[in-house]
Structure formats: C-alpha cells, structure tokens
Amino acid sequence: MPELPEVEITARLLDSALRGALIESVSAPGINALRTFQPPLSELEGRRIEGVRRRGKHLIVDASGGLALLIHLMSAGRLQLFDKLAGPRDRSSRLLVRVRVPDAQLELRLREFGSKQAAWVKLLRAQELEQDDALAGLGPEAWPQPPALAALLDAPRPLHAVLRDQHVIAGIGRSWVDEILWQAQLSPYKRGSDLDEHELERLGGAIRHTLGRALEHYEQTLTLPIPDKLPMPLQVHRHTGEPCPRCASTLQAVHFEDYVIAYCPHCQTEDRVLKDRRLSRLLR
Ligand SMILES: [Zn+2]
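The notes below deal with the structure included here. (Residues numbered from 1 in each chain as written. Predicted model: local features only at pLDDT ≥ 70, side-chain atom pairs only at ≥ 80, totals over all residues. Heavy atoms only, no water.)

What about the overall build of the protein chain?
- Looking only at helices and strands, the protein chain has 8 helices and 10 strands in total.
- Its C-alpha atoms give the protein chain a radius of gyration of 20 Å, near enough to 19 Å, the size a compact globule of 284 residues would have.
- Projecting the C-alpha coordinates of the protein chain onto the three principal axes gives extents of approximately 60 × 35 × 35 Å.
- Once local pairs closer than 6 in sequence are excluded, the contacts in the protein chain between residues at least 24 apart make up 63%.
- Positive and negative charge centroids in the protein chain, built from 38 and 37 side chains respectively, lie 5 Å apart. (Helix = DSSP H or I, 4+ residues; strand = E, 2+ residues; numbered from the N terminus. Rg over C-alpha atoms; globule rule 2.2 N^0.38 Å. Contact = heavy atoms within 4.5 Å. Lys, Arg positive; Asp, Glu negative; His and termini not counted. Charge placed at Lys NZ, Arg CZ, Asp CG, Glu CD.)

Shown next as structure tokens:
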C-alpha cells in the first residue's frame, strides 16, 4: 500500500540512481496501464531523465524535451530498478511499463502484484502535468509541513475519511491514517469540524511526526532495488489484538465500509469500542 512515505522514498532512491540517464526505449506490455496516446511513448527514446519526484501518492519521472511520466502505483504497483540482465520471467507480478536505461545498465519497471489491474501511467507534456485530472484536484501536501488544518478539515466528516481524501490533503492512505490518529490520540470517528484548537495542533504535529519518522526509517533501511514488500514501520495498523505501544490496552479493529480501522480505545475513544459501520449508517 504505497502512501506518502513509501512513494517519497521510491522517488528519492530512483532519482539518485537515474538522474541524467539516457532513455533507450520504453514499452508498455500492460496495455491498459498506459492512459494516454499522445505523445507516444516512443517520444521518450533518446531523452534524458531529469529527475524522479513525488506529488501526493503519484510519482513523476521528468524527461528532457519537456516530457513527464506520471505514475500512480495504486495499492499493488511498484516502480523498481532492475539489472538489465534480470529476466522478465516473474509469476508474482505483471509488467506494466519498462524503461531501458543503457548507460546505467538498468531497466526501470512498473510492476503490479495481485490480480487487479489498477496502477497506471500517463505520458504528458510538462506544461500539461499540473492540469492533468490526477494532479489538478489534489489538496496540499501532508508533509513535510502539514497545511493549516482548521479550514481544510472544517466539515462534519469522520477524521479517518477526511484525512484520506486526496482532494483535502495529499499523501495519506489507509495505513498511515491509523498511525496518525493514534499518535494524535483522536478518535477515527471524530468529525473534522468538532476539533478544538489543541486537537488541531496535536493532529498537525502527529501528521508531521508520523510521516517524517516513517521516511527516516526508510532512509536508514532501504536501498535499491526497492523490495517487492516494503517493511512498513507500523505500530497500530495491522496490529489489532496486540497491546497498544503507549498504554498496553488491546488494540481494536472496526469495519468501516470496505476496510478496517485499527485504534486504541483507551488512547483514542475514552475506552469506548467503536461500532461497525458496515451495516449501519447511524453515526453514533
Ligand atoms: Zn493506548
């Protein structure tokens, strides 16, 4: 589940390896992955990679000649560098896009795991990039400096939903929202518009601290090639039933729509157990 820290470390590692590299050829074996037709992928051939960066949960590979590859990994995509000789035989994933970089003897591959085709790529002219549907509607970046939250969150929506809304704030998904709300000691069901000044401040600090610490962890532990399965330093998400790292109460899970929220009842909900909202639309 690549979110802001995972996409950011991917961008940093690829940027340091590929900046300035010549693109020999580009192909898109995963035919549905390429969402644009003009300009054609062949326009990238002979260009140089000017950098790899992140916007929200998207990766952007800037190329000379005013071209940019915009990539969304969705939940199961990975953008990885391989030795050119590493064979493409791979039953665990599908190859969506391949970029050959001869002077580095490397191949950049967009692969996707699982059965669902969801990751995508667009080749855009640099001047079209910011206007593209995927980027134009994004909210401000959650990190390194979270935006002023009071106005952004001032809606009667539960925090775990509004913080994952990329139009409100960009970069947070299902994993890190649990960690952030636990860090801030706020209920996932608390409404954004009900936060007082101190809670807003705590939440801003939790966003910065949680995402920043994850990124530090990746900086210290990851090198190329980026592994298929990133070792996410989660303390709450996926830890239901285990003791809370802060108070040792048992971490609980609650189902909301089609996913699971993990939280600590003692630290976050005044010892109340949250009700599933799979079946009920009642708010409390
Ligand atoms: Zn706790």
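Having seen the model, we can carry on.
Concerning helix α1 (residues 4-18)
- Look at α1: 21 Å from first C-alpha to last across 15 residues, which is about the 21 Å you get at 1.5 Å a residue.
- Counting buried positions over the 15 residues of α1 gives 12, a clear majority of the element.
- Within α1 the residues assigned to the buried category are L4, P5, E6, V7, E8, I9, T10, A11, L13, L14, D15 and L18.
- Where α1 ends, the next residue or the one after it, G20, has phi of about 90°, a positive value. (Expected span 1.5 Å × (residues − 1). Buried < 20%, exposed > 50% of the residue type's maximum accessible area, 1.4 Å probe, protein only.)

A look at the sheet that holds strand β2 (residues 49-55)
- Spatially, β2-β3-β4-β8 is the arrangement adopted by the 4 strands of the open sheet, whose pairing is antiparallel. Each of the sheet's edge strands pairs with one partner strand only, and the pair in question is β2 and β8 (120-125). Strand after strand, the sheet turns through a mean of 20° between neighbouring axes, direction not considered.
- The pairing of β2 with strand β3 (residues 58-63) spans 6 bridges and is classified as antiparallel. Bridge pairing in β3 links I49 to A63. (Pairing = 2+ DSSP bridges. Axes fitted to C-alpha atoms, helices over the stretch in contact; angles between N-to-C directions.)

Regarding the pairing of strand β10 (residues 259-263)
- Most of β10 is tucked away: 4 of the 5 residues are buried.
- With 5 bridges connecting them, strand β9 (residues 252-256) and β10 associate as antiparallel partners. Each bridged residue has a counterpart across the sheet, and for H255 the counterpart in β10 is V260.
- Linking two consecutive strands that pair antiparallel, namely β9 and β10, is a turn of 2 residues; a positive phi of about 50° is found at E257 within it.

Side note on the sheet that holds strand β6 (residues 93-101)
- In spatial order, the strands read β1-β6-β7-β5; together these 4 strands make up an open sheet with antiparallel pairing. Two strands lie at the open edges of the sheet, namely β1 (25-27) and β5 (77-83), each paired on one side alone. Averaged over neighbouring strand pairs, the angle between their axes works out to 20° when direction is ignored.
- Two strands pair when backbone bridges link them, and β5 and strand β7 (residues 106-113) are joined in this way by 7 bridges, in the antiparallel orientation. The residue of β7 that forms the bridge with F82 is E107.
- Strands β5, β6 and β7 of the sheet are contacted by α1, whose axis makes an angle of about 25° with β5.

What about the coordination of the zinc ion?
- Around the zinc ion, the donor atoms from the protein are C244 (SG), C247 (SG), C264 (SG) and C267 (SG), and they sit 2.2 to 2.4 Å away.
- Here the zinc ion binds 4 donor atoms, and the angle range of 100 to 115° at the metal identifies the geometry as tetrahedral.
- Counting residues between consecutive donors of the zinc ion along the chain gives the motif C-x2-C-x16-C-x2-C. Of this pair, C247 sits in the loop between α7 (197-221) and β9 while C267 sits in helix α8 (residues 265-268), and the two are 20 residues apart along the sequence.
- Taking relative accessible area as the criterion, C247 reaches 28% and is therefore assigned partly exposed. (Donors = N, O, S within 2.8 Å, 3.2 Å for Na, K, Ca; no water. Tetrahedral: all angles 85-135°; square planar, octahedral: opposite > 155°, others 65-115°.)

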